[in-house]
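Chains, contacts and geometry: an overview
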Amino acid sequence: KSNGRLKELFDSKAESIAKKLNDGGFRKDISTTQFRKFYDKVLELTQKAEDLSQNEFEIEVLPFLKMIKSKVAYAKTRKICGDNFLKLMNKSIDKVNSVEELKNFKYFLESIIGFMPKK
């Protein structure tokens with residue numbers, strides 16, 4: 001991704017997604033607390049991936065990142081999150097194929113949290 005696209009992703013795109021996910025606490029797609037739980041899993045994987053080669057990343061981290069999709073699907077069946085969050089996570093996780101892309105995904109989630117309303 002070019003820096004211009006990342007800048008937009010971490011700013012206006014993150015803000016619009018935050019509004020969709022948690023519009024001032026009304027029609028919530030996911031609570032900030034639940035969002036943070038998924039973010040923490042991504043953060044943990046990002047830290048684990050830090051100094052790995054591409055091959056090590058694909059073996060030691062990528063399968064666990066992909067597994068988050070099933071955890072989100074399960075959360076949706078339990079009504080912990082809605083369709084918007086499910087789509088966001090599935091689309092984003094599918095785009096991650098390297099340590100660098102994982103870091104960008106982590107930053108993207110951080111940006112969204114920053115724009116989510118505080119209670």
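Relevant structure appears above.
Described in the following lines is the structure provided in the data block. This one's a predicted model, so the numbers in the text were calculated from it and none came from an experiment.

With 18 residues, helix α2 (residues 32-49) ought to run about 26 Å at 1.5 Å a step, and its terminal C-alpha atoms sit 25 Å apart, in line with that. All of the buried residues in α2 are Thr32, Gln34, Phe35, Phe38, Tyr39, Val42, Leu45, Thr46 and Ala49. All buried residues of α2 lie within an arc of 165° about the axis, which places them on one face of the element. Of the exposed residues in α2, the ones pointing more than 90 degrees away from its buried face are Thr33, Glu44 and Gln47.

This next bit is on the pattern of salt bridges. All told, the structure shown has five salt bridges when counted by the stated rule. One salt bridge connects glutamate 50 with lysine 103, and the closest N-O pair in it is separated by 3.5 Å. With glutamate 50 in the loop between α2 and α3 (54-60) and lysine 103 in helix α6 (residues 99-115), this residue pair connects regions lying 53 residues apart in the sequence. A salt bridge links lysine 106 to glutamate 110; the nearest nitrogen and oxygen atoms lie 3.0 Å apart. Of this pair, lysine 106 and glutamate 110 both sit in helix α6, four residues apart, which is roughly one turn of that helix. What makes lysine 106 buried here is its relative accessible area of 12%.

Rules behind the numbers
- Residues numbered from 1 in each chain as written.
- Predicted model: local features only at pLDDT ≥ 70, side-chain atom pairs only at ≥ 80, totals over all residues.
- Heavy atoms only, no water.
- Helix = DSSP H or I, 4+ residues; strand = E, 2+ residues; numbered from the N terminus.
- Expected span 1.5 Å × (residues − 1).
- Buried < 20%, exposed > 50% of the residue type's maximum accessible area, 1.4 Å probe, protein only.
- Arc of directions from axis to C-beta.
- Salt bridge = Lys/Arg side-chain N within 4 Å of Asp/Glu carboxyl O.

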